[in-house]
Each structure stands twice: as C-alpha cells, then as structure tokens.
Amino acid sequence: MIYVCVPVHNEARTAGLVLWKVRQVFTAFPREYQLLVLDDASTDHTREVLASYAKVLPMTIVAHGERRGYARSLEELLRLALQRTDRPKRDCAITLHADFVHSPESMEDMVKHLESGADLVVAELVEQRGRVSRALGLARRWTPRLLRVAGLRDTVSGFLALRLIVLRQALRRDTTQFLQTEGWCASAELVARLAPHARRLDAVPAAARYDLVQRPSRVRPWRQLLEAWRARSVIRAARTVVALLLIAVGLHAQSDTASRTDSTRADSSTVPSMAAMAIVTPPAPVAVPFPVGERLVYGARYGPFSVGTATMQVAGIDTIRGVEAVHFVFLIDGGALWYHIHQNLESWVGRHDFRSRRFLNQTEEKGKAWERKFEIYPDSGFYREAGRDTTVATVADPLDDAAFLYWIRTVPLEVGKRYQYSRYFRPERNPVIVEVLKRERVGVAGKKWDAIVVSPRIPNGGGIFAEKADARMWLSDDSLRIMLALQSKFSFGQVTLKLKQIDSIKENAASPPEHP
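These lines cover the structure that appears in this document, whether it is placed above or below. (Residues numbered from 1 in each chain as written. Predicted model: local features only at pLDDT ≥ 70, side-chain atom pairs only at ≥ 80, totals over all residues. Heavy atoms only, no water.)

## With respect to the overall build of the chain
Here comes step 1: What the chain contains, in helices and strands, is 9 helices and 22 strands.
Here comes step 2: Across the 516 residues of the chain, 55% fall into the buried class.
Here comes step 3: Taking as baseline every contact in the chain between residues at least 6 positions apart, the subset at least 24 positions apart corresponds to 67%.
Here comes step 4: Accessible surface, the chain as shown: approximately 22,800 Å² in total, 51% of it carbon and sulfur. (Helix = DSSP H or I, 4+ residues; strand = E, 2+ residues; numbered from the N terminus. Buried < 20%, exposed > 50% of the residue type's maximum accessible area, 1.4 Å probe, protein only. Contact = heavy atoms within 4.5 Å. Areas by Shrake-Rupley, 256 points an atom, 1.4 Å probe, with all protein chains shown as cover.)

## Looking at the pairing of strand E19 (residues 447-457)
Here comes step 1: When you tally the buried positions in E19, you get 8 out of 11 residues, the bulk of the element.
Here comes step 2: Across 11 bridges, the pairing between strand E18 (residues 432-444) and E19 is antiparallel. Among the inter-strand pairings, Glu440 is bridged to a residue of E19, identified as Ala451.
Here comes step 3: Where E19 and strand E20 (residues 472-476) come together, 4 bridges link them in antiparallel fashion. What sits directly across from Val453, in E20, is Trp474. (Pairing = 2+ DSSP bridges.)

## Structural notes on the pattern of salt bridges
Here comes step 1: In the structure shown here, the tally under the stated rule is 30 salt bridges.
Here comes step 2: Arg426 is the salt-bridge partner of Glu428, the closest N and O atoms lying 3.0 Å from each other. This pair shows no difference in class: Glu428 is buried, exactly as Arg426 is. (Salt bridge = Lys/Arg side-chain N within 4 Å of Asp/Glu carboxyl O.)

## Structural notes on helix H5 (residues 134-146)
Here comes step 1: Helix length check: H5 (13 residues) gives 19 Å between terminal C-alpha atoms against 18 Å at 1.5 Å per residue, within 8%.
Here comes step 2: Of the residues making up H5, those classed as buried are Leu136, Gly137, Ala139, Arg140, Thr143 and Pro144. (Expected span 1.5 Å × (residues − 1).)

## With respect to the packing of helix H3 (residues 70-84) against helix H6 (residues 164-172)
Here comes step 1: One can describe the packing of H3 onto H6 by two numbers: an axis separation of 10 Å at closest approach and a directional angle of 110 degrees. Here H6 runs roughly perpendicular to H3, going by the angle between their axes. Considering how the two elements wind past one another, H3 and H6 form a crossing that is left-handed. Listed contacts from H6 to Leu78, Arg79, Ala81 and Leu82 of H3 are Leu164, Leu167, Arg168 and Leu171.
Here comes step 2: Its residues placed into classes, the contact of H3 with H6 shows 6 nonpolar, no polar and 2 charged. (Axes fitted to C-alpha atoms, helices over the stretch in contact; angles between N-to-C directions. Parallel < 35°, antiparallel > 145°, perpendicular 65-115°, else oblique. Left-handed = near helix turned anticlockwise from the far one by under 90°. Nonpolar A, V, L, I, M, F, W, Y, C, P; charged D, E, K, R; others polar.)

## A word on the nonpolar core
Here comes step 1: Counting residues in hydrophobic clusters, the biggest one holds 60 residues, and the most contacted among them are Phe328, Phe354, Leu413 and Leu484.
Here comes step 2: In terms of residues, this core owes the most to one element, helix H9 (residues 401-407), which gives 6 residues.
Here comes step 3: Discounting residues that sit within four places of it in the chain, Leu484 has contacts with Tyr298, Val442, Val444, Trp449, Ala451, Trp474, Leu475, Ser476, Leu497, Lys498 and Leu499. (Core = buried A, V, L, I, M, F, W, Y, C linked by side-chain atoms within 4.5 Å.)

## So, a positive patch on the surface
Here comes step 1: A surface patch of positive charge is lined by Arg134, Arg141, Arg145 and Arg148.
Here comes step 2: Among the residues examined, Arg134 registers a relative accessible area of 81% and is labelled exposed. (Patch = residues over 30% accessible without salt bridge, like charges linked within 9 Å, V, L, I, M, F, W, Y side chains within 5 Å. Lys, Arg positive; Asp, Glu negative; His and termini not counted. Charge placed at Lys NZ, Arg CZ, Asp CG, Glu CD.)

## Quick look at the pairing of strand E4 (residues 92-95)
Consecutive side chains of a regular strand alternate in pointing toward one face of the sheet and then the other.
Here comes step 1: Of the two faces of E4, the one carrying Cys92 and Ile94 and the one carrying Ala93 and Thr95 are both buried.
Here comes step 2: Taken together, the 4 bridges between strand E1 (residues 2-8) and E4 define a ladder with parallel strand orientation. By the bridge assignment for E4, Cys5 is matched with Thr95.

## Considering unusual backbone geometry
Here comes step 1: Omega for the bond connecting Asn430 with Pro431 falls within 30 degrees of zero, at 0 degrees, which places this linkage in the cis form.
Here comes step 2: Residue position: Pro431 is located in the loop between strand E17 (418-421) and E18.
Here comes step 3: Within the chain, Asn10 stands out as a residue other than glycine whose phi angle is a positive 55 degrees.
Here comes step 4: Mapped onto the secondary structure, Asn10 falls in the loop between E1 and helix H1 (15-28).
Here comes step 5: The class for Asn10 is partly exposed, based on a relative accessible area of 22%.
Here comes step 6: Positive phi, normally seen in glycine, also occurs at Phe354, with a value near 50 degrees.
Here comes step 7: Structurally, Phe354 is set in the loop between strand E12 (339-350) and strand E13 (356-365).

## Description of the environment of Gly151
Here comes step 1: Mapped onto the elements, Gly151 comes out in the loop between H5 and strand E6 (160-163).
Here comes step 2: Looking at Gly151, the relative accessible area reads 72%, which means it is exposed.
Here comes step 3: Taking C-alpha positions, Gly151 is 8.3 Å from Ala203, a pair spaced 52 residues apart along the chain.

Structural data, given as structure tokens:
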C-alpha cells in the first residue's frame, strides 16, 4: 500500500486537480494506494472541493478546526499512515504538496527506487519551471545549504517517499512532537530524522512547477533564511541524537537485532582472504588478566560536538553457577537538547577460561526502559534469553559484546596480519575479523601514547563493527593494551570515542566474594 499524504490549506484552485493527477499516475502505473488529505482550517472552498473528490477516490480527509501549520499537519498524516499499515517494511508513504509545485508524475520514479531497495527517496527540485521573485529564488538556493543532510543537494523540497518501517524507527526515538520547526525547515528536519534509519537513501531529480501554481507563495524569503539559520541547531541536534544512539546500539547490535531472528539459522557466507595478509587464529588465553578497579572513561564526539561519555570498568569478581567470573561493565550516558540515553552493558566471563557466562543489556531512553538478559552455558554448548523458553546453540568459547572489547586486548597482534575469530556467542554472526593496520602516536588522556591501530569488523553483523562502518580501534602498544580510541562511520558522519581518564587500579582480592 502507498499512502499519499497531502497537507492542504486554502488550495481550492489546485487541490482537486492534484488529487486527480495522483489517480492518473497510479492508473498508468498500477499500485494500490490511498490518499490521506488534511485540511488545515482552510477558509476558502477547499473543504467542498475535497468532499466532492472523496466520493470517487480512495481518500481519507482529516480536518483541523484551527490552523496548526504545515509541520503539525504533515506529522499527523505520517502517523496516520503508520497507524493504518500492517506491513511497515513493505508499505510506504509519499508526501506531496497540493499547490502543484510538486509534479505527481515523479511518484512513479520514486516508487521504483523503493521497490529496488531504497528506504528513503527524496525528489530534489533541481529544475525550475516558471518564474519566481529574485528574493524567493535566492532563499530557495541558500536554505538547503544551511540545512544540510549528507548525500542530498535539496533537503527542503518536501517531496519524498519513505518505507514506513523507517518512520516507525524514527518515531520510536521521539515520543513527543516529532517535528520542531516549520515550513521549509520542517522538510529538512524530517529528512534529517529519517535518513539515519534508512539502509539506502536515494535522490531523484524533479522539476519545481511554479508555472502551475495558482496563488502567490506564502514564503517570506528573508524571514525564511533567518528561520533556516536558527534551525541549524535543531537539524544538528537530530544528527547528534542519532550519533549517540548508534554508538549505544552498535555496541550490542549483534545480540539485539531488529528482527530478533532465531540464532539457529546457519550462515554459510565466507570472507575472502587478502593476498597481503595471512589469516591467523591464535589460541584463546586461559585467564582474565585485568585487575578489579580498572576504569577507563571516554568522551564521545560527533564531529566537533560532544555527545556524551562512555566508561569501561572491571567491576569485581562474582560466582556464576559455581564458576568464578570477572564482571565487566560498559556504560554510555549522554544526550542533546531534549534527548537523553543511558545504557548499561554488563558481562560476566569465567575468570580462568575467559568464556562468557552472562550478558545483560539495560537501556533507558527518554523515560522508557527495556532490558535483555542472556544466560550462556559454554560447557553445555547453548544459551538462553530471559523471557524465552527455547535454548540456542552457541560456540565452544563464547564471548559477548562487552567481553570482546576486553578479550581483544589479550591476544597477540602483529602489524600487517589479519586475524579471524569465531567466538561470538551467536554463531551466525561469526567470524569476527581483525586487521592490524599500523603503529602510530596518539594523544589522549593528557599524554602521548604508542598505539597499535586495528580494524575490527563483523561481516555478518551490523552496528559500529559492520563491514561498511570501517571501524578503527587504537590500543596502547604495551602490556596493558588499553583501548585509547574507537572510531566508526555512519551514513551521517563519523563518531569517535577518545580516552579521557584512567582511574586507579587495585589488585585483585585474594579471596573474592561469593555471590549466589
């Protein structure tokens, strides 16, 4: 199903013609569609025009008693489309203006891009037909430059097609008012909030049909430029929020996939070897060497912006099902403007065999909280998630997400070599590939360090170690192998964790406390 969302205010001259043109497009290009039209307190004859077309078109009309503006109207229509769909991965929505500046014929090309695998398609109005004032033309050229979104030239067209699963994922992060700006700025904000959740973003060229518009433009050019200048912080905050969120989600993406598919599914894909690098699988260490009390504090940055902190800590020694286990804790805390996230990843690994026994993920985001807990049984060869009765096979020497960040500090790493590990506790996500790239000097935590630069990736997984993320990790070139920095790329830019502080390290207690 294609939901065509059309916000309308005082468009009696063109609204009916636009709706009829949509019908012609989908008659020649047969697809199931519905028109969702919102009349934002029109004072002309728009209501009567819409009512007459509703008799012959598959159309739902929503009416506002008082004017709420373009952004609120558009958001309401998109939420209505999401509410109606029962197949958000397949169904899509198209946003369309009712003044004819958007050419409905472009919808066919946009839908074809979605059907070929895109999740978000933006029609860029790169061609102008008809004349506009010099001031309006200037504002139209400069506003997209002030409100940039990676991969797009025109962020303010307001003409886009999106798979509804992308909208659902974006709205899941924003339970209050989704769009904070108005007019052209709202169009750019919508793209900025949707784009990071889209696996593929495409742009298609389209023409701005000012020659067909039947009323003067409501845009005040100089005021629009001023609003765009002010809206830069909102667009930037939208990107910052996603950056912080993807740091958090990426660290446990291998155990918290969106589909939560059965882990018993085998994955037969292989990774081609590289001629210049030998694949080496060194033996696993037999004990955890890190002392209780080690605490590493990192600052998270997205470009020049600080978006939070992260902490790695060896918290203590516990006993899990009669086995001494070292307790690792990885905390992420931060936010931007109205947004806040706190995530706690905890791992318990055997003190003498470095195999995961328990993995916990607790997340609190904008007042909502959820938890996933895994009990891992390496001796029996399976794991179980809390709340699920089924058991799933695991690997011989399992590691979870947090444990892997510590374990990689213990294995021999030689520059120019490529290592392949099959230790992730969900077998279908293996192997984990680590390439040792080079040595270099880095400055973190108030000093210069000799570092080994490695490139970790999980070809069958996602998150910060996905193949396309091109992750880099800097480890101190000494016996401690402290993680000095972690860098990963996303569609919207690069995110970096840098070491800020190393807290005091205490020796392991001779007689660790017992916990049931």
